[in-house]
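Spelled out from the first residue to the last, the chains are:
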Amino acid sequence: MSYALITGGSKGIGYHVAKEFARRGDNLILVARSNGALRDAKHALEEHDVTVQTLSQDLSDPGSAGELTEFCDRQGWDVDVVVNNAGFGKQDDFTNTALDTNQSMLILNCYTPMTLAHEHVKRGADIINIGSVAGYQPLPGFANYAATKAYVYSWSVALNHEVDETVLTVCPGATKTGFAERADADGLDENGMEPSVVAEQIINAYQKDDSVVINGWTNNLLAAASRLIPPSWLASLIASNR
């Protein structure tokens, strides 16, 4: 039996991507921290007559991605697509944010998806990496987060040209999930996209074998503009408007 493995799959974009896969008849492995949220997601998704496996795991632990792969192997779960969705950010000056928070962000946003992709793409699995339009520019106030998403974008787009499997890079902007609350960025998602809409666009792009999808026309404009403005100018402009 084959599965779609989705990190951060109990809520937000991850849950709605899982829902889109379930509608296609794909079985699911959901990984998240909260057992309660995983139970709720499992119950809802099983209504689509698919098998839903859940695993509560903190993927900001450096060894967690390898442990997750080994656990799937022991269970005999064949993974044919990995959705690297789990991640977080923190809005504040870099030095005001605790070092361990910044380190956990690097692990969860960069190291974990890289490790999972390395383990599974060699076995023929497709990869969907959830980046962000934040990765297109230096972002004072979100410096570490934007840098992690810049890594995801660059690595993921390059990987798509190294392997035969599909590697889709997804770049959403503000989305109505729990991201803003955890990031201490009140109002960030007030005018954001609905995660269900973002997820539908992700699945459509994946089915078309696209390499990059930027969600929403405003985010496409932002991404295009960031390519035209020198990074130092852009960072200065953003900093002056904080």
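Residues numbered from 1 in each chain as written. Predicted model: local features only at pLDDT ≥ 70, side-chain atom pairs only at ≥ 80, totals over all residues. Heavy atoms only, no water.

A. Representation of the overall build of the chain within the structure. In terms of regular secondary structure, the chain is built from nine helices and seven strands. Taken against the 2.2 N^0.38 rule, which gives 18 Å for 242 residues, the C-alpha radius of gyration of the chain at 17 Å falls within 12% of a compact globule. Structurally, the chain occupies a C-alpha span of about 55 × 35 × 30 Å along its principal axes. Taking the contacts inside the chain whose residues are at least 6 apart along the sequence as the reference set, 68% of them involve residues at least 24 apart. Accessible surface, the chain: about 11,600 Å² in total, of which carbon and sulfur atoms supply 48%. Across the chain, 17 positive and 30 negative side-chain charges occur, with their mean positions spaced 2 Å apart. (Helix = DSSP H or I, 4+ residues; strand = E, 2+ residues; numbered from the N terminus. Rg over C-alpha atoms; globule rule 2.2 N^0.38 Å. Contact = heavy atoms within 4.5 Å. Areas by Shrake-Rupley, 256 points an atom, 1.4 Å probe, with all protein chains shown as cover. Lys, Arg positive; Asp, Glu negative; His and termini not counted. Charge placed at Lys NZ, Arg CZ, Asp CG, Glu CD.)

B. Highlighting the pairing of strand β6 (residues 167-171). With five of its five residues buried, β6 lies for the most part within the structure. Strand direction decides the pairing type here: strand β5 (residues 126-130) and β6, joined by four bridges, are parallel. Note on β6: the bridge partner recorded for N129 is T169. Each parallel crossover has a hand, and for β5 linked through helix α5 (residues 143-160) to β6 it is right-handed. (Buried < 20%, exposed > 50% of the residue type's maximum accessible area, 1.4 Å probe, protein only. Pairing = 2+ DSSP bridges. Right-handed = clockwise from strand over helix to strand, strands pointing away.)

C. Molecular detail of the pattern of salt bridges. Within this structure, the stated rule accounts for eight salt bridges. We note a salt bridge from E46 to K42, for which the minimum N-O separation is 2.8 Å. The partly exposed category is assigned to E46, whose relative accessible area is 33%. The salt bridge involving K208 is made with D210; its shortest N-O contact spans 4.0 Å. Overall, the relative accessible area of 27% leaves D210 in the partly exposed class. (Salt bridge = Lys/Arg side-chain N within 4 Å of Asp/Glu carboxyl O.)

D. Region of the structure containing the pairing of strand β1 (residues 2-7). In terms of burial, β1 is largely enclosed, as five of its six residues are buried. In terms of strand pairing, β1 meets strand β4 (residues 78-84) through five bridges, oriented parallel. Note that in β4 the partner of A4 across the bridge is V81. Pairing of β1 with strand β2 (residues 27-32), which is carried by five bridges, proceeds in the parallel orientation.

E. Summary view of the state of the cysteines. Under the defined criterion, the tally for this structure stands at zero disulfides. C171 takes part in no disulfide bond, and the closest cysteine sulfur, belonging to C110, lies 13 Å away. (Disulfide = S-S within 2.5 Å.)

F. Highlighting the sheet that holds β4. Strand order across the open sheet formed by seven strands is β3-β2-β1-β4-β5-β6-β7, with parallel pairing between neighbours. Two strands close off the open sheet at either side, each with one partner strand: β3 (52-56) and β7 (212-214). With strand direction ignored, the average angle separating the axes of adjacent strands in the sheet is 20 degrees. Packed onto the sheet, helix α4 (residues 99-121) meets β1, β4 and β5 and runs at close to 155 degrees relative to β4. (Axes fitted to C-alpha atoms, helices over the stretch in contact; angles between N-to-C directions.)

G. Structural view of unusual backbone geometry. At D184, a position not held by glycine, the phi torsion is positive, near 55 degrees. Considering the arrangement of structural elements, one finds D184 in the loop between α6 (179-182) and α7 (195-207). Classification of D184 as exposed rests on a relative accessible area of 51%. Although it is not a glycine, D209 adopts a positive phi angle of roughly 65 degrees. As for its placement among the helices and strands, D209 is situated in the loop between α7 and β7. Look at D209 and you get exposed, because its relative accessible area is 51%.

H. Spotlight on helix α2 (residues 35-45). Buried within α2 we find A37, L38, A41 and L45. Seen from one end, α2 has its buried residues packed into an arc of 100 degrees, which puts them on one side. Turned more than 90 degrees off the buried face of α2, the exposed positions are R39, D40 and H43. Taken together, the buried residues of α2 touch α1 (12-23), β2 and β3. (Arc of directions from axis to C-beta.)

I. Looking closely at the packing of aromatic side chains. The full count for this structure, using the stated rule, is eight aromatic pairs. Here F71 and W77 contribute two aromatic rings whose centre-to-centre distance is 5.6 Å and whose plane-to-plane angle is 75 degrees, an arrangement assigned as edge-to-face. Ring geometry for Y145 against F179: centres 5.1 Å apart, planes inclined by 50 degrees, an arrangement best described as tilted. In this pair, Y145 is assigned in helix α5 and F179 in helix α6, connecting sequence segments 34 residues apart. Relative accessible area serves as the criterion here: at 10%, Y145 is assigned to the buried category. Note on F179: relative accessible area 23%, which makes it partly exposed. Ring pairs connect the aromatic residues Y3, F71 and W77, which therefore count as one cluster. For R182, the ring lying beneath its charged end belongs to F88, and the centroid distance is 4.0 Å. (Phe/Tyr/Trp six-rings, centres within 6.5 Å; stacked < 30°, edge-to-face > 60°. Lys NZ or Arg CZ within 6 Å of the ring centre and 35° of its normal.)

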